[in-house]
Amino acid sequence: MKCHIPGPNVKVLGRTIHALARFGDELYLESSPDAILLRTLNAAESAYAMIKFNKVFFSYFNYNFYSTDDKEGLKCKISMKSALNAFKSPTHMDKQVENLEIKLDPESCKLIFIVKCKHGIVKTHFVSILDCKAMQAVYSKDLVHSRITCSQKIFTEALGNFQSSDDQVTIEANSNSFIIRNYIDCNIDLTKVIRTQINIKPTEFDSYVIGTETIITFTLKEFKALLGFAEALSLPLQLQFEITGKPVVFIVHNGTTFEAHFVLATSKPDTNTQASSTQNSSAVKRKRKEVHIKSNSPIKKKLHLDVDLSKYLDEDSHLFNYIDIPIEKDLNNIDELVHNKTTGSQSILHDNMECDNIIPASPTSKIKIKAIFKRCFESTFDPRSIQGLVLAENSDSE
Amino acid sequence: MDSGKTLCSLIKAIQFQECAVFCAMQEGLKLTVEEGKCVQASAYIPADNFNEYHVRDDVDVMFKISIAVLTECLNIFGSAEESSLKMYYRCEGSPLLLVLQPQSFSNVMTDCEISTQTAESVLELRDEDTEEVAKLVLKAPAFLSLLVDMEKTCDIIEINLSPEHPNVSIVTYGMQDRSCIDMPKSSDMVQSFNCEKSVTLKYQLQHIRLIMKALAVSSKVVLRCSSNGLLLLQLKLEKEDQRQMFSEFYIVPLLDD
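All values reported here derive from a predicted model rather than from experimental measurement. (Residues numbered from 1 in each chain as written. Chains lettered and ligands numbered in written order. Predicted model: local features only at pLDDT ≥ 70, side-chain atom pairs only at ≥ 80, totals over all residues. Heavy atoms only, no water.)

J.: So what exactly am I meant to see when it comes to the overall build of chain B here?
T.: Looking only at helices and strands, chain B has five helices and 16 strands in total. Here chain B, with 257 residues, has 49% of them falling under the buried criterion. Sequence separation of at least 24 residues holds for 61% of the intrachain contacts in chain B that already meet a minimum separation of 6. When the accessible surface of chain B is summed, it comes to about 13200 Å², and 47% of that surface belongs to carbon and sulfur atoms. (Helix = DSSP H or I, 4+ residues; strand = E, 2+ residues; numbered from the N terminus. Buried < 20%, exposed > 50% of the residue type's maximum accessible area, 1.4 Å probe, protein only. Contact = heavy atoms within 4.5 Å. Areas by Shrake-Rupley, 256 points an atom, 1.4 Å probe, with all protein chains shown as cover.)

Pasting the structure below:
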């Protein structure tokens, strides 16, 4: 593979790499006869991003520059850190960079980024290739019924109201209202969290089509990253989603040169707590009572969780399939973990509640330790009382 | 001195150790800091920067002073305020006296006394016998942007200078990757280039990064490599009134195993 990218487009590529860096730690590169694809997957395998640069994005493009016989393009995985290194400061990159050349060195197995800068400076980055396989996520787009197109500004402004500690957002969409709110874990003390909810009128969006009413929850970190990407390139954003459990796809494209897909897995919100969270007029006292009741009946709650989680398992998205090795390490594992954690914390809560009723006695020191030096505390010590084997014999008498 | 601001920014640029050796000579003031006998940085303020400058020539005026305290005192009216500065020092053991007067208020004055310590000897890294093998004059802002873009996690920086193209090449080694910056002598940022035969020198990137603060306030940098590998960087800071202040960095090379 060998390609040249003109100066203004280098900035776009730099922005892309920076956005992808907020998703995953590894970058997959793949070249096909008419495009280059960059993909990444986050560590929890719940977010995926794919950006496709078409041939017209480049000033020179040859997808199999070195390989003469086989018609296969490049497939490789590099560390995101080294990719970032080549695109250190994307904001003023277009002022300095005249041309970027990316090529594969088949002998040393390195990917080479040659950056030609102003002042005749040439920066060459030799990036090691970690792996030679491709990765692809399975998701559907264009077939889904719910689609929203808008400028990223609406979301950026809405997210500005959220707390920095929020890590997930819930979108509740039906044909005449669009609500975005922070997701609150059912185990958190409701008196200590701030709930934010923003209602956006469907008329604010450029286009708004909702097939089925749905509530989806996804991570905020990746959402912010892709909004930043859309903002940097000032391009509109398209959301495509189905129902809870199916992934939500964000699309940013500028017609002919490139197309970016950001896929986030969605999870089902705990309907009980979310419903109660909308009644924000209730007094603090009442909320406390609520928590109290919940923790006093852990068995009932557990049952409820079990039902809920088994639903999760069916509904959560099976996003990713590797082409080379099919790894079915899906969200199931994570859900099981979550399950264990939630039930665990429930029982701890329960224990604490019991402790409140019965004042525990102060802990007494363990007898075990005392017994080691037991003989010291006896009234007299008689060496003859030790019988049996002599463990260490007397040393030679002088 | 009419304004202590430039002086303050120059002193801050070499602030990577707590204490500096303050040395007043007939030619000017010099503050020197050392980092583990590998890097020696000095700020040099020629006497013509001062409106009035008197130093006794029969004794060595040399003492140790805390840089943090000195910069704080120079900045006592805030960084936005220009203030005139007077410095006094009587004899060994006596404090350094600073009198600062802001230009916008007429009746305010600060009198700072900074206690001093007896100076230890300063490393003499320069060896008169070794010859200079290469000299390179670069624009400081451009050189700074190169250093900023370098990966922080790299340990070693290799500087290759040669009379053939590309004349300057800087290689950094990271965990698994290698980056290389080539710069021909025809480049705009290279103002002069003297090199008879090619040399390869290795330094700790961490040491080179110490000059970044000084580069940010300077306009020009001169790199001098001597035959024993010692790198001397001389940075020129140009003030609005055409007068100049300098900072100097001696960096000891890494030796091949």
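Still to come is the rest of the account.
J.: Even after reading the chapter, I still don't get the interface of chain B and chain A, so can you show me in this structure?
T.: Interface size is commonly expressed as the accessible surface area that is lost when the partners come together. Chain B puts 19 residues into the contact, and the matching count from chain A is 18 residues. Summed over both partners, the interface of chain B with chain A buries about 1600 Å², with 42% contributed by carbon and sulfur atoms. For the pair chain B and chain A, the number of links is zero salt bridges. At the boundary of chain B and chain A, one finds four residue pairs in polar contact (both at pLDDT 80 or more). For the side of chain B that touches chain A, the secondary-structure elements that each account for two or more residues are helix H3 (140–149) and strand E11 (178–183) of chain B. Per-element tally for the side of chain B that touches chain A: the top contributor is E11(B), with six residues. Residue classes in the side of chain B that touches chain A are distributed as eight nonpolar, four polar and seven charged. Direction of pairing for strand E9 (residues 122–128) of chain A relative to E11(B): antiparallel, over a ladder of five bridges. Looking at the pairing, Lys123(A) lines up with Ile181(B) of E11(B). (Buried area = accessible area lost by both parts, 1.4 Å probe. Salt bridge = Lys/Arg side-chain N within 4 Å of Asp/Glu carboxyl O. Polar contact = N/O pair within 3.5 Å; in protein donor to acceptor, adjacent residues only side chain to side chain. Nonpolar A, V, L, I, M, F, W, Y, C, P; charged D, E, K, R; others polar. Pairing = 2+ DSSP bridges.)

J.: Please explain the packing of helix H4 (residues 152–159) of chain A against helix H5 (residues 220–233) of chain A as it appears in this structure.
T.: Any two packed helices are characterised by the angle at which their axes cross and by the distance between the axes. Residue and element names in this part refer to chain A. The geometry of H4 relative to H5 is characterised by a closest axis approach of 10 Å and an angle of 135° between their N-to-C directions. It follows from the interaxial angle that H4 and H5 lie oblique. Judged by the twist between their axes, the crossing of H4 over H5 is left-handed. From H4, Gln 152, Phe 155, Thr 156 and Leu 159 reach across to H5, where they touch Leu 220, Phe 223, Lys 224, Leu 227, Ala 230 and Glu 231. (Axes fitted to C-alpha atoms, helices over the stretch in contact; angles between N-to-C directions. Parallel < 35°, antiparallel > 145°, perpendicular 65-115°, else oblique. Left-handed = near helix turned anticlockwise from the far one by under 90°.)

J.: Mind showing me how you'd approach the packing of aromatic side chains here?
T.: Working definition: an aromatic ring pair is given by the centre-to-centre distance plus the angle between the planes. A full pass over the atoms with the stated rule returns 21 aromatic pairs over all chains. Between Phe218(A) and Phe250(A), the aromatic rings sit 5.8 Å apart at their centres with planes inclined by 70°, giving edge-to-face as the arrangement. Of this pair, Phe218(A) sits in strand E16 (residues 214–219) while Phe250(A) sits in strand E18 (residues 248–253); the two residues are 32 residues apart in sequence, bridging distant segments of the chain. One aromatic cluster is present, built from ring pairs that chain together Phe23(A), Phe53(A), Phe57(A), Phe58(A), Phe61(A), Phe229(A), Phe258(A) and Phe262(A). The positively charged end of Arg178(B) is found above the aromatic ring belonging to Phe126(A), 4.0 Å away from the centroid. (Phe/Tyr/Trp six-rings, centres within 6.5 Å; stacked < 30°, edge-to-face > 60°. Lys NZ or Arg CZ within 6 Å of the ring centre and 35° of its normal.)

J.: How should I be thinking about the nonpolar core in this particular structure?
T.: One recurring pattern in soluble globular proteins is that nonpolar side chains are buried together. Counting residues in hydrophobic clusters, the biggest one holds 153 residues, and the most contacted among them are Ile180(A), Phe223(A) and Phe143(B). No other element matches the eight residues that H5(A) contributes to this core. The contacts of Phe143(B), once residues within four sequence positions are left out, are Leu138(B), Ile170(B), Met189(B), Ile211(B), Leu215(B), Val221(B) and Leu233(B). If you look at the next biggest cluster of nonpolar residues, it comprises 10 residues, including Tyr28(A), Leu37(A), Met50(A) and Ala137(A). (Core = buried A, V, L, I, M, F, W, Y, C linked by side-chain atoms within 4.5 Å.)

J.: Any chance you could explain a negative patch on the surface here in plain terms?
T.: A cluster of like negative charges, contributed by Glu124(B), Asp127(B), Glu128(B) and Asp129(B), occupies part of the molecular surface. Of the residues examined, Glu128(B) reaches a relative accessible area of 67% and is grouped as exposed. (Patch = residues over 30% accessible without salt bridge, like charges linked within 9 Å, V, L, I, M, F, W, Y side chains within 5 Å. Lys, Arg positive; Asp, Glu negative; His and termini not counted. Charge placed at Lys NZ, Arg CZ, Asp CG, Glu CD.)

J.: Even after reading the chapter, I still don't get the side chain of Thr217(A), so can you show me in this structure?
T.: Residue placement: Thr217(A) occurs in strand E16. Within the local environment of Thr217(A), its side chain forms a polar contact with the side chain of Thr170(A), the two groups lying 3.1 Å apart.

J.: I would appreciate a short explanation of unusual backbone geometry in the present structure.
T.: Note: most peptide bonds trans; most residues except glycine with negative phi. A positive phi is found at Glu45(A), a non-glycine position, where the angle reads about 55°. Phi at Lys37(B) takes a positive value of approximately 60°, unusual for a residue other than glycine. The topology assignment puts Lys37(B) in the loop between strand E2 (28–35) and strand E3 (39–46). Note on Lys37(B): relative accessible area 58%, which makes it exposed.

J.: When you look at the sheet that holds strand E7 (residues 97–105) of chain A in this model, what are you seeing that I'm missing?
T.: Within a sheet, neighbouring strands are paired by backbone hydrogen bonds and run either parallel or antiparallel to one another. In spatial order, the strands read E5(A)-E1(A)-E7(A)-E8(A)-E9(A)-E11(B)-E10(B)-E9(B)-E13(B); together these nine strands make up an open sheet with antiparallel pairing. Of all the strands in the sheet, just strand E5 (60–62) of chain A together with strand E13 (199–204) of chain B have a single pairing partner and so form its edges. Direction aside, the axes of adjacent strands within the sheet are offset by 15° on average. In this structure, strand E9 (residues 156–161) of chain B lies alongside E13(B), joined through six bridges in antiparallel fashion. Counterpart to Ile157(B) in the pairing with E13(B) is Tyr203(B).

J.: Before we go on, may I ask you to explain the pattern of salt bridges in this structure?
T.: Close approach of charged atoms allows side chains of opposite charge to pair. All names here are of chain A. Inspection of every chain in the model, using the stated rule, returns seven salt bridges over all chains. Arg 39 is the salt-bridge partner of Glu 30, the closest N and O atoms lying 2.9 Å from each other. Assessed through its relative accessible area of 4%, Arg 39 is described here as buried. Because the salt bridges share partners, they merge into one network encompassing Lys 2, Glu 101 and Lys 103.

J.: In this structure, what is going on with the environment of Phe205(A)? I would like to understand it.
T.: Residue and element names in this part refer to chain A. Following the sequence through the fold, Phe 205 ends up in the loop between strand E14 (197–200) and strand E15 (207–209). Looking at Phe 205, the relative accessible area reads 5%, which means it is buried. In sequence terms Phe 205 and Thr 149 are 56 residues apart; their C-alpha atoms lie 6.3 Å from each other. Every residue in contact with Phe 205, bar those within four places of it in the chain, is listed here: Ile 148, Thr 149, Cys 150, Ile 154, Phe 155, Phe 178 and Ile 200.

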